[in-house]
Amino acid sequence: MEQKRFYLSTTDKKLGGVCGGIAAYFNIDSLLVRIGFLLLLFGYGCGLLLYILLWLLAPKDNSI
């Protein structure tokens, strides 16, 4: 059984591929993830910090 891993998306990205990678991991539309990050950014202020941390720490998807 193959274990599912989170990677930065190299195909579905606008900035760093974080939202595309999260969407691929959870098998949902990346637009929903982007909206979620915007809500976190404007609602609580932690969206940008979380995005930057994931962008710096997550590995890139080199399978393509």
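The structure contained in this document is the topic of the report that follows.

For N27, which is not glycine, the phi torsion reads 55° and is therefore positive. Mapped onto the secondary structure, N27 falls in the loop between α1 (18-26) and α2 (30-43).

Glancing now at the side chain of S30. Along the chain, the position of S30 falls in helix α2. A polar atom in the side chain of S30 sits 2.9 Å from the side chain of D12. Beyond its immediate sequence surroundings of up to four residues, S30 is in contact with D12, C19, G20 and A23.

All right, on to α2 then. Owing to its 3.6 residues per turn, the α-helix aligns residues three or four sequence positions apart on the same side. Taking 1.5 Å per residue, 14 residues should reach 20 Å; α2 reaches 20 Å between its end C-alpha atoms and fits that length. Those residues of α2 not exposed but buried are S30, V33, R34 and F37. Here the buried residues of α2 occupy an arc of 100° about the axis, which is enough to place them on one side. Turned more than 90 degrees from where α2 packs its buried face, L32, L39, F42 and G43 sit exposed. The inward-facing, buried residues of α2 contact α1 and α3 (47-57). Looking at the residues trailing α2, positive phi occurs at G45, about 85°.

Calculation criteria
- Residues numbered from 1 in each chain as written.
- Predicted model: local features only at pLDDT ≥ 70, side-chain atom pairs only at ≥ 80, totals over all residues.
- Heavy atoms only, no water.
- Helix = DSSP H or I, 4+ residues; strand = E, 2+ residues; numbered from the N terminus.
- Polar contact = N/O pair within 3.5 Å; in protein donor to acceptor, adjacent residues only side chain to side chain.
- Contact = heavy atoms within 4.5 Å.
- Expected span 1.5 Å × (residues − 1).
- Buried < 20%, exposed > 50% of the residue type's maximum accessible area, 1.4 Å probe, protein only.
- Arc of directions from axis to C-beta.

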